[in-house]
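Residue strings, one per chain:
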Amino acid sequence: MIYKNIQLKKYNTFGLEYTAECMIKIKTEKEATALFNGTVAWKKPLLILGCGSNILFTSDFQGTILYPELKGIKIEEQEPDKGNVIVSAGAGVNWDDFVAWSVNKGFGGLENLSLIPGKVGATPVQNIGAYGVEVKDQIVKVKTISANDGSIRIFNNSECEFGYRNSIFKKREKDKYLVTRVYYRLTVKPSLNLGYESLKEEVSKIGKETLKNVRQGVINIRRSKLPDPEITGNAGSFFKNPVVTSSVAVNLKGGYPDMPVYKDQEGYMKLASGWLIDQCGWKGKRRGDAGIHEKQALVLVNYGKATGKEIYNLSEEIKKSVHEKFGVDLEREVEVVGVI
Ligand code: EPU
């Protein structure tokens with residue numbers, strides 16, 4: 001189905017009021033194939049949109065937005081000898097509905113990723129992560145349709161080239177494949193991941209260490225720290241946590257003993273952008289309707305009528321001040337689309 005001159009407010013969690021020239025909603029793989037093998041004409045450039053929870057529009061979009069609505073959750077395969085089950089979900093399934101379904105079935109592996117806004121199709125693109133878990137550890141394969149010719153291509157886990165909030169679908173194959181279905185390996189006898197101290201504490205307040213309580217613990221923490229995009233526009237973490245060499249981290253820690261640092265791959269450490277931004281005094285600050293959340297400095301918010309450009313400019317100011325104070329360059333996690 002092709003729509004013209006679409007208001008994007010409800011298609012991006014910042015609630016920005018730009019328009020798109022065209023939008024195509026896709027409900028089946030057949031429709032996607034017809035779109036890409038030349039049967040249906042559409043205007044370039046193309047932007048594949050999940051629920052717009054990781055995007056900052058800075059102007060109207062002159063092209064076609066593809067909005068996948070492929071549904072369905074299936075148990076594909078039991079692996080009883082390994083205690084696993086393979087399940088799949090359509091790209092258009094709401095991510096948290098899928099997590100809730102898996103927890104209700106007693107399948108483990110996704111519970112720490114509860115309440116992350118977005119759709120299933122975005123999870124391999126972004127390699128979503130929270131509370132010590134990244135979705136790459138559960139993804140078996142990703143079914144896609146090539147935007148080049150409409151053919152089906154399956155990417156197995158290693159072909160997805162997953163990294164921290166990164167994958168092949170964000171790098172050199174960006175917007176070249178439409179994800180239609182994602183396959184996850186879950187455990188039938190879950191081993192819980194409570195390495196994240198504040199999650200362990202929250203779960204102990206709720207009760208026993210069960211799958212359902214871990215999900216509830218994550219939900220409680222997220223609700224207490226992160227603004228609900230239905231109420232205050234935001235896109236979760238605006239910046240990635242920077243990865244620096246261990247020597248840079250050790251030097252910084254010398255000057256700022258309270259600074260959180262996390263182990264990363266050999267020779268590197270990850271810093272906490274939220275802490276760095278907070279130390280620069282940004283928490284709770286506002287520039288008109290663009291602001292920094294009062295409980296988590298990594299989250300930029302739209303208090304109502306901010307424009308994408310205003311949020312972008314605020315993010316530039318933040319980057320500059322973190323660079324001046326700590327010599328660390330922040331990289332945006334959110335994708336900026338439009339004229340700056
Ligand atoms: N901190 C501050 N001030 C702040 C924010 C954080 O001092 O304003 C400190 C915290 O006290 C903590 C550290 O910074 O010591 C890290 O903060 P937190 O545990 O809240 O996690 P984060 O690193 O800010 C990451 C992910 C989140 C994910 C949480 C929980 C990124 C970019 N963000 O945030 O993911 O939910 O860990 O695992 O990796 C997202 O990607 O949109 C997202 C919300």
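Residues numbered from 1 in each chain as written. Predicted model: local features only at pLDDT ≥ 70, side-chain atom pairs only at ≥ 80, totals over all residues. Heavy atoms only, no water.

**So, the sheet that holds strand β13 (residues 233-237)**
- Reading across from one edge, β13-β19-β18-β17 is the order of the four strands in this open sheet, with antiparallel pairing throughout. The open sheet is flanked by β13 and β17 (286-287), the only strands paired with a single partner.
- In this sheet, strand β18 (residues 290-292) lies alongside β17 in antiparallel orientation, the contact comprising two bridges. Residue pairing across strands places Arg286 opposite Gly291, the latter belonging to β18.
- Contacts from helix α8 (residues 308-326) reach β17, β18 and β19 (299-302) within the one sheet, and its direction differs from that of β18 by about 40°. (Pairing = 2+ DSSP bridges. Helix = DSSP H or I, 4+ residues; strand = E, 2+ residues; numbered from the N terminus. Contact = heavy atoms within 4.5 Å. Axes fitted to C-alpha atoms, helices over the stretch in contact; angles between N-to-C directions.)

**Focus on the pattern of salt bridges**
- Going through the model one piece at a time under the given rule, you end up with 23 salt bridges.
- One salt bridge in this structure joins Lys176 and Glu173, with 3.8 Å as the shortest N-O distance.
- Through salt bridges that share partners, Lys9, Glu17 and Lys305 make up one connected network. (Salt bridge = Lys/Arg side-chain N within 4 Å of Asp/Glu carboxyl O.)

**Description of the packing of helix α4 (residues 197-206) against helix α5 (residues 211-225)**
- Two numbers describe how α4 lies on α5: the axes approach to 9 Å, and their chain directions differ by 115°. Taken together, α4 and α5 sit at an angle that is classed as roughly perpendicular. Crossing angle aside, the handedness with which α4 passes α5 is right-handed. Contact residues: α4 offers Ser198, Leu199, Glu202, Val203 and Ile206, while α5 offers Asn213, Val214, Gln216, Gly217, Val218, Asn220 and Ile221.
- Among the residues forming the contact of α4 with α5, the class breakdown is six nonpolar, five polar and one charged. (Parallel < 35°, antiparallel > 145°, perpendicular 65-115°, else oblique. Left-handed = near helix turned anticlockwise from the far one by under 90°. Nonpolar A, V, L, I, M, F, W, Y, C, P; charged D, E, K, R; others polar.)

**Observations concerning the site of the ligand**
- The immediate surroundings of the ligand are formed by 24 residues, with Tyr131, Tyr164, Tyr196, Asp278 and Ala297 found nearest.
- Here an oxygen atom of the ligand sits 2.6 Å away from a polar atom, N or O, in the main chain of Tyr131.
- In this structure, an oxygen atom belonging to the ligand sits 3.0 Å away from a side-chain N or O atom of Gln296.
- For the ligand, the protein covers 81% of the area, taking 820 Å² as the surface of the free molecule. (Near = heavy atom within 4 Å. Polar contact = N/O pair within 3.5 Å; in protein donor to acceptor, adjacent residues only side chain to side chain. Areas by Shrake-Rupley, 256 points an atom, 1.4 Å probe, with all protein chains shown as cover.)

**Some remarks on the layout of surface pockets**
- Size it by volume and the second largest pocket reaches roughly 220 Å³.
- Residue lining of the second largest pocket: 15 residues in total, with Gly108, Gly109, Gln138, Thr187 and Ser191 positioned closest to the centre.
- Looking at the lining of the second largest pocket, the element that brings in the most residues is strand β12 (residues 177-187), giving three residues.
- By residue class, the composition of the lining of the second largest pocket is four nonpolar, eight polar and three charged. (1 Å grid on protein atoms, 1.4 Å probe; cavity = no way out; pocket = protein on both sides within 12 Å on 5 of 7 lines; lining within 4 Å. Points joined across faces, edges and corners; volume = space filled by probe spheres on them.)

**Overview of the domain arrangement of the protein chain**
- As far as domains go, the protein chain holds domain 1 (2-68), domain 2 (73-187) and domain 3 (233-337).
- In this complex, domain 1 contributes 15 residues to the contact, which on the side of domain 3 involves 19 residues.
- Interface of domain 1 and domain 3: buried area, both sides summed, is about 1400 Å²; carbon and sulfur atoms make up 56% of it.
- Across the pair Glu17 and Lys305 runs a salt bridge whose closest N-O atoms are separated by 3.4 Å.
- The interface formed by domain 1 and domain 3 includes nine residue pairs in polar contact (both at pLDDT 80 or more). (Domains from an automatic or database assignment. Buried area = accessible area lost by both parts, 1.4 Å probe.)

**Re unusual backbone geometry**
- Going from Lys44 to Pro45, the amide bond is cis rather than trans, its omega being 0°.
- Mapped onto the fold, Pro45 is located in the loop between α1 (29-36) and β3 (46-48).
- Phi is positive for Asn5, which is not a glycine, with a value near 45°.
- As for its position among the elements, Asn5 is in strand β1 (residues 2-7).
- Of note in the backbone geometry, Glu161 takes a positive phi value of approximately 50° without being a glycine.

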